[in-house]
Structure formats: C-alpha cells, structure tokens
Amino acid sequence: MRISGCVRLAVRNLWAHKGRTLLNMLGIGVGVASVLLVFCLGQGGEEAVSAELKKYGINSVALRADEKGKLTLEDYIYLNSVMGDTLALTPVYLNYAKIWADGIQRNVLIWGVGENATDIYPIDLLQGRMFQNRLGEHVGQAVIDTVLARQLFGTANKIGQQFTIKIKKQPT
C-alpha cells in the first residue's frame, strides 16, 4: 500500500470515529499542558528559592582576619586572583547587644559593615539611606531592620528615632 493510501485510510478512520478522535486529541492536549505547567512551576520555584538563598548570603564567603585582626593587600590580591573580578570585600563587625527604646528592650546582633556591604548583602531600605564612607561622621547613627523598627517604634517614622545600645561582650 502506498503512503497516500495509508493517509486516506487514516483520515477516513478518524472521521468515522469522531468521538474517539476528539477524546484522544483532548488527552494529548491535557498531557502536553500538564508537562508544561509542571516544568514552569519547577523553574519558578527554583528561581524563587535561589533568590531567597542569595538574599541571605548563600553566595558569599566570609573570611576571618589573621591574628593581627586585619586582611592585608596581599590577601586581597590573592583572593582576587582565585575568585576573579566579582570579588567584593567589606569589613564586618559582629557582636551581641541589648537595645532599648521607649522602655522596650530587645537582644540583637549588631553588624558593623563597610560602604560596599550592599555589594555583598542585598539590603533593601524602606526609609532613609546607607551611610557614606566619611570616617567618624556617622558615629551614633544606625540602620535597623524593619522587624526591630516596628517592635521599638511601632508604625511611626523611624528616621531620627533614638535608642540605646549596650554591647554584651567583646567579639571572639
């Protein structure tokens, strides 16, 4: 049998069994749509999880300084040669403290960071701005997160509010 004869026979059988043909086409369409939906949901979920992990610094490397408490220019040159041009460095000071405002006390973790901390840690500011690198100019000022700001100051404008910080211990 020729190919043209096979095609005529197939079309005649499809036309003769319209209900079965329609159900098969519907099943194929639902199957393809299901596969596409699962694929898209998987891709979207992967991107959302990846973005959330990056927000918490999963793609960053934390280094502890040498016994003198500093990283040298030679350290930076070596790290840059190993990690490439995407390397961003910032000093980080971590310590536990108590913070008071309007009779409310909270235990907090203090982060002291350099000016390019936003290159490493994605920080979204709701109000105000990050400080510029002018030595000593911003002593007595701080950037606090939304949760702590709401706990201490409620829904009022947080800019210009005052609070007291007492560092619990020296970092190790």
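Residues numbered from 1 in each chain as written. Predicted model: local features only at pLDDT ≥ 70, side-chain atom pairs only at ≥ 80, totals over all residues. Heavy atoms only, no water.

(A) Highlighting the overall build of the chain. Looking only at helices and strands, one finds 5 helices and 3 strands in the chain. Counting every position in the chain, which comprises 172 residues, the buried fraction comes to 12%. Look at the contacts in the chain between residues 6 or more apart in sequence, and 51% of them connect residues 24 or more apart. (Helix = DSSP H or I, 4+ residues; strand = E, 2+ residues; numbered from the N terminus. Buried < 20%, exposed > 50% of the residue type's maximum accessible area, 1.4 Å probe, protein only. Contact = heavy atoms within 4.5 Å.)

(B) Region of the structure containing the sheet that holds strand 2 (residues 104-113). Spatial ordering of the open sheet is given by 2-1-3, a layout of 3 strands whose pairing is antiparallel. Looking at strand neighbours, the two that pair on one side only are strand 2 and strand 3 (164-167), the edges of this open sheet. Each neighbouring strand pair of the sheet contributes to a mean axis angle of 35 degrees, computed without reference to strand direction. Against the sheet, helix 5 (residues 146-153) makes contact with strand 1 (92-101) and strand 2, and its axis sits at roughly 145 degrees relative to strand 2, the strand it touches most. (Pairing = 2+ DSSP bridges. Axes fitted to C-alpha atoms, helices over the stretch in contact; angles between N-to-C directions.)

(C) Examining the pairing of strand 2 more closely. In this structure, strand 1 lies alongside strand 2, joined through 10 bridges in antiparallel fashion. Residue pairing across strands places alanine 101 opposite isoleucine 104, the latter belonging to strand 2. The turn linking strand 1 back onto strand 2 is made up of 2 residues, and aspartate 102 within it adopts a positive phi angle of 50 degrees.

(D) Focus on a nonpolar patch on the surface. Together, Val92, Leu94, Tyr96, Leu109, Trp111 and Val113 make up an exposed nonpolar region whose accessible area comes to about 540 Å². Among the elements of the structure, strand 1 and strand 2 are those that each provide at least two residues to the nonpolar patch. Note that valine 92 resides in strand 1. (Patch = residues over 30% accessible without salt bridge, like charges linked within 9 Å, V, L, I, M, F, W, Y side chains within 5 Å. Areas by Shrake-Rupley, 256 points an atom, 1.4 Å probe, with all protein chains shown as cover. Salt bridge = Lys/Arg side-chain N within 4 Å of Asp/Glu carboxyl O.)

(E) Local environment of the packing of aromatic side chains. Scanning the model with the defined rule gives 0 aromatic pairs in all. Taking NZ or CZ as reference, lysine 18 lies 4.4 Å from the ring centre of tryptophan 15, over its face. (Phe/Tyr/Trp six-rings, centres within 6.5 Å; stacked < 30°, edge-to-face > 60°. Lys NZ or Arg CZ within 6 Å of the ring centre and 35° of its normal.)

(F) Geometry of unusual backbone geometry. Positive phi outside glycine occurs at aspartate 102, with the angle close to 50 degrees. Position of aspartate 102 among the secondary structure elements: in the loop between strand 1 and strand 2.

Just geometry here; none of it tells us what the structure is for.
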